[in-house]
Amino acid sequence: MSRWSRRVRAPAGASESGDGIAVGVGPVTVDAYLDLLCPFCRMFEQASGPTLDKLVADGVITLVYHPMGFLDGLSTTRYSSRASAASGCASDGGRFVQYTYALFANQPPEGGPGLTNDELVEIGVMTGLVEPSFAACVLSGAYLDWTAYLTEAAIERGVSGTPAVLVEGVPVPANPRTIAAAVAAVAG
């Protein structure tokens, strides 16, 4: 277990280990490691999101998102970590998936500053996160330590790039057909 686990406050909806956000309660666990600055992660979410959403809705999987700060070096403002921390704030507001999709839809290019914290708040408002507590959470960087923890935990687990997908702990190619087949094989 990571040295962080006892000291880091995790958002509402966090997985049991605190290193991701759990969506759904199905018997098969699918881990999706993403970076909100990663263009390949945006393409993965666009291609696989509907399949994963259906598997969650059908009660087949528990989907654990791990929004990493992996690409901080490709932003002048640590955008990956700030966006991940903001997604934790969105999880507190019960809108993690909607917010994550909106961040991918508004993804800034690598190499620049990324979205400002105020823009991260505005995107939250567009997804229904209108409570002042969401803005306060984002603006204070409340989950930056959580982002560092889950990024470290992913690296300890052997994740070396994003997107990365594991079905019951076994790495699978990050595409909807392969993920669905792996889930079906485990579900029996």
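A brief look at the structure comes next. (Residues numbered from 1 in each chain as written. Predicted model: local features only at pLDDT ≥ 70, side-chain atom pairs only at ≥ 80, totals over all residues. Heavy atoms only, no water.)

### Here we look at the overall build of the protein chain
Condition: For helices the rule is a DSSP run of H or I covering at least 4 residues; for strands it is a run of E covering at least 2, with both sets numbered from the N terminus onward. The globule rule used for comparison is 2.2 Å times the number of residues to the exponent 0.38, while the radius of gyration itself is calculated over C-alpha atoms. Buried residues are those whose accessible area, probed at 1.4 Å on protein chains only, stays under 20% of the maximum for their type, while exposed residues exceed 50% and partly exposed ones sit between those limits. Residue contacts follow a heavy-atom distance rule, with two residues in contact if any of their heavy atoms lie within 4.5 Å.
Tallying secondary structure elements over the protein chain gives seven helices and five strands in all. Reading the secondary structure of the protein chain in the N-to-C direction produces β-β-α-β-α-α-α-α-α-β-β-α. Radius of gyration (C-alpha) of the protein chain: 15 Å, near the 16 Å computed for a compact globule of 188 residues. Once the C-alpha set of the protein chain is aligned to its principal axes, its extents read approximately 45 × 35 × 30 Å. Across the 188 residues that make up the protein chain, the buried fraction comes to 50%. Partitioning the contacts of the protein chain with sequence separation of at least 6, the portion at a separation of at least 24 is 76%.

### A closer look at helix 3 (residues 96–105)
Among the 10 residues of helix 3, seven are classified as buried, and the element is accordingly described as predominantly covered. Residues Phe96, Val97, Tyr99, Thr100, Ala102, Leu103 and Phe104 constitute the buried set of helix 3.

### Concerning the nonpolar core
Basically, it comes down to this: Within this scheme, the nonpolar core is defined by two criteria: the residues are buried Ala, Val, Leu, Ile, Met, Phe, Trp, Tyr or Cys, and they are joined through side-chain atoms within 4.5 Å.
Judged by nonpolar contacts, the single largest core of 56 residues is most densely connected at Val30, Ile61, Leu63, Tyr99, Leu103, Leu120 and Ile179. Each residue touching Ile179, except ones within four places of it in the same chain, is listed here: Val30, Phe44, Ser48, Leu52, Val165, Val167, Val172, Pro173 and Ala174.

### Remarks on the environment of Leu144
Tracing the backbone shows Leu144 in helix 6 (residues 144–156). Taking the relative accessible area as the measure of exposure, Leu144 reaches 26% and is therefore partly exposed. For Leu144 and Arg82, which are 62 residues apart along the polypeptide, the C-alpha to C-alpha distance reads 6.7 Å.

### Let's talk about the packing of aromatic side chains
Aromatic ring pairs: the centre-centre distance and the angle between the two ring planes describe each pair. The condition that has to hold: Stacked, edge-to-face and tilted labels apply to pairs of Phe, Tyr and Trp rings (six-membered ring for Trp) whose centres lie within 6.5 Å, assigned for plane angles under 30 degrees, over 60, and everything in between, in that order.
Under the counting rule described, the total for this entry stands at three aromatic pairs. Judged by centre distance (5.3 Å) and plane angle (55 degrees), the ring pair of Tyr65 and Phe96 falls under tilted. Of this pair, Tyr65 sits in strand 3 (residues 61–68) while Phe96 is found in helix 3, placing the two residues 31 residues apart along the sequence. Like Phe96, Tyr65 is buried. Ring centres of Tyr99 and Phe134 lie 5.6 Å apart, and the angle between their planes is 75 degrees; this geometry places the pair in the edge-to-face category. Here Phe134 lies in helix 5 (residues 132–140) and Tyr99 lies in helix 3, a separation of 35 residues in the sequence. Since its relative accessible area comes to 5%, Phe134 is described here as buried.

### Observations concerning the pairing of strand 4 (residues 164–167)
How we decide: Two strands qualify as a pair provided DSSP detects at least 2 bridges between them.
Covered by surrounding structure in strand 4 are Ala164 and Leu166 together with Val165 and Val167, the residues of both alternating faces. Here four bridges tie strand 2 (residues 28–35) to strand 4, and the two strands are oriented antiparallel to one another. Looking at the pairing, Asp31 lines up with Leu166 of strand 4. Linking two consecutive strands that pair antiparallel, namely strand 4 and strand 5 (residues 170–172), is a turn of two residues; a positive phi of about 50 degrees is found at Glu168 within it.

### Observations concerning the pairing of strand 2
When a strand is regular, its side chains alternate between the sheet's two faces. Convention followed: Seen with the strands pointing away from the viewer, any crossover whose path from the first strand over the helix to the second strand runs clockwise is right-handed.
The buried count for strand 2 comes to seven of eight residues, which makes it a mostly enclosed element. Where strand 2 meets strand 3, eight bridges bridge the pair, whose relative direction is parallel. When the sheet's bridge partners are listed, Val28 is paired in strand 3 with Ile61. With helix 1 (residues 39–57) bridging strand 2 and its parallel neighbour strand 3, the resulting β-α-β unit is right-handed.

### Thoughts on unusual backbone geometry
Across the junction of Thr162 and Pro163, the peptide omega takes the value -5 degrees, indicating a cis bond. Along the chain, Pro163 falls in the loop between helix 6 and strand 4. Unlike most non-glycine residues, Arg78 shows phi in positive territory, near 55 degrees. By secondary structure assignment, the location of Arg78 is in the loop between strand 3 and helix 2 (79–92). Non-glycine residue Glu168 carries a positive phi angle of around 50 degrees. Here Glu168 is to be found in the loop between strand 4 and strand 5. Under the relative-accessibility criterion, Glu168 is labelled partly exposed at 40%.

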